[in-house]
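Residue-level structural notes
Below are the chains, spelled out letter by letter.
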Amino acid sequence: RKVAFSSGANFGSALTIYGQKAGIQTFFFHPKAASWKLDGNLFESSTAHHISVDKSEKEVKKAALLFAKMSGIQHVPEVEWRVLSTGLRAFLVFEYILKNKIQFDWVSQPICAGYGPIGFYNTAQKLIQEDIINKEMVPKFLGIQQEDLSPMVRAWKNRHSQILPKDIISSPAELPAPALYNTNPEDSYPILYNHLRNFGGQLCSVTDQEYEEYSPLLLE
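Below: a short report on this structure. Keep in mind it's a predicted model, so treat the numbers as computed, not measured.

**Some remarks on a nonpolar patch on the surface**
- Together, Y96, I102 and F104 give the surface a local cluster of nonpolar side chains, amounting to about 260 Å² of exposed area.
- Residue position: I102 is located in the loop between α3 (79-100) and β5 (106-110).

Below is the structure:
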């Protein structure tokens, strides 16, 4: 009946809403720098708790894990859950491809830990193994990070199969997208790297100047 979790904003907000609907008490730990993304109405319920941590993303995660352990409540999600849930999008894409006889060359999204594309390409591999699709149907992946916080992009450009110390830079005080705050996704990057090598793709970064220049046009 109680769960603890950490998030930059979106995932934690979704779990908070789900908890209220399902009668589960929630403890949402998040980085203070991402407070602007939260809707205060989420926490009007007495069972929805909001804990703002003014530290790095790893410390935010540690705080949630420690709180859950000390309180004897469930910490969510397990990594396996995240990969399975993001993999559901692959079914939508490949059903659309097969039904409409259309081919996508690329799929793209901003990445933090990279669980989204990992889930997508894990599912693609299973569909290939079951002869539901062939490898040529699988689109390449274009992953985007902020230039000031882009450990995956730096590792990819340096041709590293895992993130090395030289790929890590400290997060600046202000970022265009503060919720994408992971400075060292060391566990997930090697999996994403293998998918990029297998299915093709690219990781690239966006500068603050590019963000400021193009975001009004995209919003319009």
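**Let's talk about the packing of aromatic side chains**
- Using the criterion set out here, one finds eleven aromatic pairs in the structure.
- Judged by centre distance (5.0 Å) and plane angle (70 degrees), the rings of F120 and Y121 are edge-to-face.
- Residue classification places F120 among the buried positions, given a relative accessible area of 7%.
- For Y121, a relative accessible area of 2% translates into the label buried.

**Description of the side chain of S215**
- For S215, the position within the fold is in helix α7 (residues 208-219).
- At 2.7 Å, the side chain of S215 and the backbone oxygen of Y211 are in polar contact.

**Topic: the nonpolar core**
- Counting residues in hydrophobic clusters, the biggest one holds 28 residues, and the most contacted among them are F94, V138, F141, M152, Y189, L192 and L203.
- Sorting the residues of this core by element identifies α3, α4 (115-129), α5 (151-157) and α6 (189-199) as the ones contributing at least two each.
- Take this core: its biggest share by element is six residues, from α4.
- Counting residues in hydrophobic clusters, the runner-up holds ten residues, among them V3, F5, A9 and F43.

**Re the sheet that holds β5**
- Spatial strand order, β5-β6-β7: three strands in an open sheet with parallel pairing. If you trace the sheet from one side to the other, it starts and ends with β5 and β7 (201-206), each paired once. In this sheet, adjacent strand axes meet at a mean angle of 20 degrees when their direction is disregarded.
- Sheet analysis places β5 next to strand β6 (residues 140-146), joined by five bridges and oriented parallel. Residue P110 lies in a different strand from β6, and its bridge partner there is I144.
- Along the sheet face, α4 touches β5 and β6 and points at about 150 degrees away from the line of β5.

**With respect to the pairing of β6**
- Handedness of the crossover joining β5 and β6 through α4: right-handed.
- By the bridge criterion, six bridges tie β6 to β7 in an arrangement that is parallel. Bridge pairing in β7 links G143 to L203.

**Comments concerning the environment of G12**
- Here G12 lies in helix α1 (residues 10-22).
- Note on G12: relative accessible area 0%, which makes it buried.
- Considered as a pair, G12 and P190 are 178 residues apart in the sequence and their alpha carbons are 25 Å apart.
- Those residues in contact with G12 that lie beyond four places of it in its chain are F5, S7 and F28.

**Comments concerning the pattern of salt bridges**
- On inspection of all chains with the given rule, the structure shows one salt bridge.
- A salt bridge links E59 to K62; the nearest nitrogen and oxygen atoms lie 3.7 Å apart. Of this pair, E59 and K62 both sit in helix α2 (residues 57-71), three residues apart, which is roughly one turn of that helix.
- Taking the relative accessible area as the measure of exposure, E59 reaches 33% and is therefore partly exposed.

**Considering the state of the cysteines**
- Evaluation of the coordinates by the stated rule reveals zero disulfides.
- For the unlinked cysteine C112, the closest cysteine sulfur is that of C204, found at 16 Å.
- With relative accessibility at 25%, the residue C204 sits in the partly exposed group.

**Focus: a negative patch on the surface**
- On the surface, E147, D208, E210, E212 and E213 cluster together to form a negatively charged patch.
- By secondary structure assignment, the location of E213 is in helix α7.

Calculation criteria
- Residues numbered from 1 in each chain as written.
- Predicted model: local features only at pLDDT ≥ 70, side-chain atom pairs only at ≥ 80, totals over all residues.
- Heavy atoms only, no water.
- Patch = residues over 30% accessible without salt bridge, like charges linked within 9 Å, V, L, I, M, F, W, Y side chains within 5 Å.
- Areas by Shrake-Rupley, 256 points an atom, 1.4 Å probe, with all protein chains shown as cover.
- Salt bridge = Lys/Arg side-chain N within 4 Å of Asp/Glu carboxyl O.
- Helix = DSSP H or I, 4+ residues; strand = E, 2+ residues; numbered from the N terminus.
- Phe/Tyr/Trp six-rings, centres within 6.5 Å; stacked < 30°, edge-to-face > 60°.
- Buried < 20%, exposed > 50% of the residue type's maximum accessible area, 1.4 Å probe, protein only.
- Polar contact = N/O pair within 3.5 Å; in protein donor to acceptor, adjacent residues only side chain to side chain.
- Core = buried A, V, L, I, M, F, W, Y, C linked by side-chain atoms within 4.5 Å.
- Pairing = 2+ DSSP bridges.
- Axes fitted to C-alpha atoms, helices over the stretch in contact; angles between N-to-C directions.
- Contact = heavy atoms within 4.5 Å.
- Right-handed = clockwise from strand over helix to strand, strands pointing away.
- Disulfide = S-S within 2.5 Å.
- Lys, Arg positive; Asp, Glu negative; His and termini not counted.
- Charge placed at Lys NZ, Arg CZ, Asp CG, Glu CD.

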